[in-house]
Amino acid sequence: MKRRPLLAGNWKMHTTVAEAHALAVEIGKCSEGLDDRDVILAPPFTSIHEVASVLKDSCVEVVAQNVCWEEQGAFTGEISPLMLKEAGVTSVIIGHSERRQIFSEDHELINKRMLGALKYDLKPIFCIGETLAEREGSKTFTVLEEQLKGGLAGLSLRDMQKTVIAYEPVWAIGTGKTATKEQAQEAHAFIRKLLSEMYEKDIADTIRILYGGSVKPDNVDELMAQSDIDGALVGGAALDAESFCRIINFI
Ligand code: 13P
């Protein structure tokens, strides 16, 4: 089944407003005419407004890197789904391994963010992935299943239609060590099969599963050629206009 490719740049905690502006201008230019794929950017909160305004007439959408489940209140350091929507955000990354590992976000908290985003009509990009120790201990599939079941608890079929999954093996993030196309395809096929058991085959067939972890201009084409890889979630290479432009123009 052919799914519309989705190429996402996660800028993490990088870019001043001026740098974000310059990068957005370049990405806006090289995304012109790309009407057979979706391109999205996740700048830091402080640059969302600027990037959204630079890209308002382009096909590139602006997304957020995190979201709270409440619309307002005493949640110091968090960001409300309504605030994000007001800034022009349509989707949000949830459950990134950096949130899980550095900020100790567990299944329950991630699930709250998922349900909160959906309640306010923000589309989640839900990240999962195993560590090196888990892969070496043959626990990859068990971990992916736990993360999927934990994070997606309580999501309806309708919610799933709005959700994108990102498989990001932790050992491949920022390390220059990409999963081989076979390793990535195997994990994606496993995730899709599990989704068809948890929901239904139609949902599993239409949901987009992105690969993330050292995606670069020189490996994007072979990754995107895999039958269950529908896109890429790019960190480091998304901060370089030339590299990201090559990635979104994958062949
Ligand atoms: P890198 O592309 O830098 O490995 O980062 C991947 C990632 O974490 C995207 O969310």
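Each remark here, short or long, concerns the structure printed above.
Brief notes about the overall build of the chain
Piece 1. Along the backbone of the chain there are twelve helices and eight strands.
Piece 2. Whereas a compact globule of 251 residues would reach a radius of gyration of roughly 18 Å, the chain reaches 17 Å, a difference of no more than 12%.
Piece 3. Principal axes of the C-alpha set define a box for the chain whose edges measure 45 × 45 × 35 Å.
Piece 4. Of all intrachain contacts in the chain linking residues separated by at least 6 positions in sequence, the fraction that spans at least 24 positions is 72%.
Piece 5. When the accessible surface of the chain is summed, it comes to about 11,400 Å², and 52% of that surface belongs to carbon and sulfur atoms.
Piece 6. If the 27 positive side-chain charges of the chain are averaged to one point and the 38 negative ones to another, these points end up 2 Å apart.

Concerning helix α5 (residues 107–119)
Piece 1. For α5, built from 13 residues, the straight-helix expectation of 18 Å at 1.5 Å per residue is met to within 8% by its first-to-last C-alpha distance of 18 Å.
Piece 2. Ile 110, Asn 111, Arg 113, Met 114, Gly 116, Ala 117 and Leu 118 are the residues of α5 that are buried.
Piece 3. Turning to α5, the residues buried within the fold contact β4 (91–94), α4 (97–102), β5 (123–128), α7 (140–151) and α8 (157–161).
Piece 4. Residue Asp 121 follows α5 closely and has a positive phi angle near 65 degrees.

Observations regarding the packing of aromatic side chains
Aromatic ring pairs are described here by two measures, namely the spacing of the ring centres and the angle between the planes.
Piece 1. Per the stated rule, a full pass over the model turns up three aromatic pairs.
Piece 2. Ring geometry for Trp 69 versus Phe 75: centroids 6.3 Å apart, planes at 75 degrees, classification edge-to-face.
Piece 3. Judged by its relative accessible area of 33%, Phe 75 falls in the partly exposed class.
Piece 4. Ring geometry for Tyr 167 versus Tyr 211: centroids 6.3 Å apart, planes at 55 degrees, classification tilted. Of this pair, Tyr 167 sits in strand β6 (residues 164–167) while Tyr 211 sits in strand β7 (residues 209–212), and the two are 44 residues apart along the sequence.
Piece 5. The class of Tyr 167 is buried, set by a relative accessible area of 0%.
Piece 6. Lying across the ring of Phe 250, Arg 37 places its NZ or CZ 4.3 Å from the centre.
Piece 7. Across the ring face of Phe 103, the terminal group of Arg 99 is positioned such that the distance to the ring centre comes to 4.1 Å.

Observations concerning the side chain of Gln 65
Piece 1. Positionally, Gln 65 belongs in the loop between β3 (60–62) and α3 (81–86).
Piece 2. Reaching out from Gln 65, the side chain makes a polar contact with the backbone oxygen of Lys 12 at a distance of 2.9 Å.
Piece 3. There is a polar contact of 3.4 Å between the side chain of Gln 65 and the backbone oxygen of Pro 43.
Piece 4. Dropping the residues within four chain positions of it, Gln 65 is found in contact with Asn 10, Trp 11, Lys 12, Met 13, Ala 42, Pro 43, Pro 44, Phe 45, Val 92 and Ile 93.

What about the site of the ligand?
Piece 1. Neighbouring the ligand are 13 residues, the closest being Lys 12, His 96, Gly 174, Ser 214 and Gly 236.
Piece 2. Lys 12 is positioned with one of its side-chain polar atoms (N or O) 2.8 Å from an oxygen atom of the ligand.
Piece 3. Here an oxygen atom of the ligand sits 2.8 Å away from a polar atom, N or O, in the main chain of Ser 214.
Piece 4. A total of 310 Å² of accessible area belongs to the ligand in isolation, and the protein chains cover 97% of it.
Piece 5. Residues belonging to the shell around the ligand are distributed by class as follows: four nonpolar, seven polar and two charged.

Describing the nonpolar core
When a protein is soluble and globular, its nonpolar side chains tend to lie buried together.
Piece 1. Of all hydrophobic cores here, the largest spans 65 residues; its most connected members are Leu 148, Leu 152, Ile 165, Ile 191, Leu 195 and Tyr 211.
Piece 2. Those residues in contact with Ile 191 that sit more than four places away from it in its chain are Ile 128, Leu 144, Leu 148, Ile 165, Tyr 167 and Ile 209.
Piece 3. Membership of the second largest hydrophobic core comes to twelve residues, among which are Leu 6, Ile 40, Ala 42 and Leu 210.

So, the sheet that holds β7
Piece 1. Pairing is parallel across the open sheet formed by eight strands, whose spatial order is β3-β2-β1-β8-β7-β6-β5-β4. Two strands in the sheet have a free side with no partner beyond their single neighbour: β3 and β4. Put simply, the sheet's adjacent strands are angled 25 degrees from each other on average, direction ignored.
Piece 2. As paired strands, β6 and β7 are joined by three bridges and run parallel to one another. Counterpart to Ala 166 in the pairing with β7 is Leu 210.
Piece 3. Running at roughly 155 degrees to β5, α7 makes contact with β5 and β6 of the sheet.

Re the state of the cysteines
Piece 1. If you walk through the whole model with that rule in mind, you get one disulfide.
Piece 2. Between the sulfur atoms of Cys 30 and its disulfide partner Cys 245 the distance amounts to 2.0 Å. Given an S-S torsion of about -75 degrees, the disulfide between Cys 30 and Cys 245 has left-handed geometry. With Cys 30 in helix α1 (residues 17–30) and Cys 245 in helix α12 (residues 241–248), the pair connects residues that are 215 residues apart, well separated along the chain.
Piece 3. The thiol of Cys 68 is not disulfide-bonded; the next cysteine sulfur, from Cys 127, is found 18 Å away.
Piece 4. According to the relative accessible area criterion, Cys 68 is buried, its value standing at 2%.

Scoring rules and cut-offs
- Residues numbered from 1 in each chain as written.
- Predicted model: local features only at pLDDT ≥ 70, side-chain atom pairs only at ≥ 80, totals over all residues.
- Heavy atoms only, no water.
- Helix = DSSP H or I, 4+ residues; strand = E, 2+ residues; numbered from the N terminus.
- Rg over C-alpha atoms; globule rule 2.2 N^0.38 Å.
- Contact = heavy atoms within 4.5 Å.
- Areas by Shrake-Rupley, 256 points an atom, 1.4 Å probe, with all protein chains shown as cover.
- Lys, Arg positive; Asp, Glu negative; His and termini not counted.
- Charge placed at Lys NZ, Arg CZ, Asp CG, Glu CD.
- Expected span 1.5 Å × (residues − 1).
- Buried < 20%, exposed > 50% of the residue type's maximum accessible area, 1.4 Å probe, protein only.
- Phe/Tyr/Trp six-rings, centres within 6.5 Å; stacked < 30°, edge-to-face > 60°.
- Lys NZ or Arg CZ within 6 Å of the ring centre and 35° of its normal.
- Polar contact = N/O pair within 3.5 Å; in protein donor to acceptor, adjacent residues only side chain to side chain.
- Near = heavy atom within 4 Å.
- Nonpolar A, V, L, I, M, F, W, Y, C, P; charged D, E, K, R; others polar.
- Core = buried A, V, L, I, M, F, W, Y, C linked by side-chain atoms within 4.5 Å.
- Pairing = 2+ DSSP bridges.
- Axes fitted to C-alpha atoms, helices over the stretch in contact; angles between N-to-C directions.
- Disulfide = S-S within 2.5 Å.

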